[in-house]
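# Residue-level structural notes
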Amino acid sequence: MADLLIIGGGVSGLSAGIYAQKLGHRAVICEKLPTPGGNLTGWRRGDFLIDNCIHWLTGTNPSSPLYEMWDDLGALGDNIPVWRPESLYTCECDGLTLSLYRDWNRVERDMLSLSPCDKREIRRLSRAVRTLQNASGIGGPRKNRGLTPSALLFGAFPLLRDYNLTTGELASKFRHPLIRSFLTSFLSEEISSLALLFVMAHFCGGNADLPIGGSIPMANRMVERFRDLGGKLLLNKEAACIDCEDGRAAGVRFSDGTSAHADEIVLTIDPAVAFPKLLGLPMSKAFTKQYHHPRLSRFSAFQCAFACDREALPFRGDYVWELSPTLAFRLGSKTILLREFSHDPSAAPAGKTVLQAMLPCTEDAARRAITLSKDPVAYHQKKQEFATLVFDLILQKFPSLEGRSYCLDVWTPATYRRFTGAEIGSFMSFFFGAGTLPTMVDGRVPGLENLTFSCQWQRAPGGLPIAAACGKAAAYAIAKKYRAVAREEEKERAPRRATVR
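In this report, we go over the structure that sits alongside the text. These figures come from a predicted structure and were not determined experimentally.

This part takes up the pattern of salt bridges. Evaluated as defined, the whole model comprises 26 salt bridges. Here D3 and R26 are joined by a salt bridge, their closest N and O atoms 2.5 Å apart. You can see D3 sitting in strand 1 (residues 3-7) and its partner R26 sitting in strand 2 (residues 26-30), a full 23 residues away along the chain. A residue is classified by how much of its surface remains accessible, and D3, at 28% relative accessible area, is partly exposed. Here K334 and E189 are joined by a salt bridge, their closest N and O atoms 2.7 Å apart. Here the residue K334 occupies a position in the loop between helix 13 (325-331) and strand 18 (335-340), and E189 occupies one in the loop between helix 8 (177-184) and helix 9 (193-204), the gap between them amounting to 145 residues. By relative accessible area, which is 49% here, K334 ends up partly exposed.

So, in structure tokens, the structure goes:
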């Protein structure tokens, strides 16, 4: 049995702690904030709840492999209701709209009706989506059909084209401007088209939905599962330094002046921060390669939330459109994504709802926001200018909200940097471009036999499922290590048998 000290109480840390306890070890999680969950969180502004995290959760289909993991972690289960919206997002272009409905047949029919001349590419897109569903075991009318290995190999061959295309390049094969915008506006035109197809396949396969209540209840369920298994969670416990000697991480010193020791230390925070700040070491070669990969790029977003009358909101779910070049330059984003929360009665008083606006930004824009935040007056002014511009943009698009909505809050990459400690305020890890299949980075630190990273930055694009999977993998790797040690010790203790000649 080993004692684990886990730095960071987000999804990866909670996952590592839960699986460590399930495997018979003892885990203590140290979280610098007064609440656990990391990015899996939200906050209140008056009577309104702003949910910071879950857009959709991959793994909500009970037939998918991820569902079992979420069930283990307490995040999902038979007694936890899941909201399955009719559509994931609606894209608008020149007054026309196209939605990603749950029924892919309906999406296909809408595209064919919109642009018969794109029939060949639409059919090809549909085959790709269905192939990915079957490959994930969520295909067919009952969302539980998979492929045999041979069928998977044959069916995946046509996906090679999509593997080598960005969403922008995929969109360029369509003639209709709305279909092109539909394919590029939700994520990014620079990202691999496989990433977009994955989203489409999993949403339409019933595997990308939202646990009722959103982020905070999900984080609380994971904490409850960890504690029920005997784990210990320490809040307001910020790691300041890790002492290393003789090829081991000897202990952790905290900002409150205390220290702790353990057999194994697991770091769940951004390696770009952890290596220089906690370890005083250059980043490992594995992570350096990840962070400087030419087809991986970090990102963040500028966001604001508005309170509005529910009946004045003319759409449900997510609504996205591309900005004009002038607005894109001023706002630093090519698209704007609106998300409304009428499905969650806990988010707002009766008759009201929360409307959130997200504008994705590049790493350079994120760094500029973080630098600007060092000047509180200029930073506050910039946030107010951003909120006003976004609000005016929303009112132009939806005049029914005039006089029936107001701004609740504004947050930027600097907010995420301050809250989670991620170097550029990224809430996910990396976009990946065409010709890239993200691989898992080895979390071990050369020269330190008892320290490992377990975080979403080990694999693009990051997010909740990858964070949880990395936590699980770390716990199993440590358990495997100690089983091997136990076997060697048992061999040494076993009496040697006499040799008969």
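For the rest of this paragraph, the subject is the environment of R298. The residue R298 is located in the loop between strand 15 (296-297) and strand 16 (299-309) in this model. With relative accessibility at 7%, the residue R298 sits in the buried group. Measuring from C-alpha to C-alpha, the distance between R298 and V485 comes to 39 Å, with 187 residues separating the pair along the chain. Beyond its immediate chain neighbours, meaning those up to four positions away, R298 contacts D270, A272, Y291, T362, E363, R367, E423, I424, S429 and F430. Engagement of the side chain of R298 in a polar contact is seen with the side chain of E363, the distance being 3.2 Å. Reaching out from R298, the side chain makes a polar contact with the side chain of E423 at a distance of 2.7 Å.

With that settled, the discussion passes to empty space enclosed by the protein. To locate leftover empty space, one rolls a probe as large as a water molecule over the atoms. Under the counting rule described, the total for this entry stands at one cavity of 30 Å³ or more. Approximately 140 Å³ is the volume found for the largest cavity. The wall of the largest cavity is formed by 16 residues, among which H55, W83, P85, D318 and R339 lie closest to the centre. Counting only elements with at least two residues in the lining of the largest cavity, the list comes to strand 7 (87-93), strand 9 (208-211) and strand 18. Top contributing element to the lining of the largest cavity by residue count: strand 9, with three residues. A class-by-class count of the residues in the lining of the largest cavity yields eight nonpolar, four polar and four charged.

What counts, and where the lines are drawn
- Residues numbered from 1 in each chain as written.
- Predicted model: local features only at pLDDT ≥ 70, side-chain atom pairs only at ≥ 80, totals over all residues.
- Heavy atoms only, no water.
- Salt bridge = Lys/Arg side-chain N within 4 Å of Asp/Glu carboxyl O.
- Helix = DSSP H or I, 4+ residues; strand = E, 2+ residues; numbered from the N terminus.
- Buried < 20%, exposed > 50% of the residue type's maximum accessible area, 1.4 Å probe, protein only.
- Contact = heavy atoms within 4.5 Å.
- Polar contact = N/O pair within 3.5 Å; in protein donor to acceptor, adjacent residues only side chain to side chain.
- 1 Å grid on protein atoms, 1.4 Å probe; cavity = no way out; pocket = protein on both sides within 12 Å on 5 of 7 lines; lining within 4 Å.
- Points joined across faces, edges and corners; volume = space filled by probe spheres on them.
- Nonpolar A, V, L, I, M, F, W, Y, C, P; charged D, E, K, R; others polar.

Treat this as a map of the structure, not an account of what it does.
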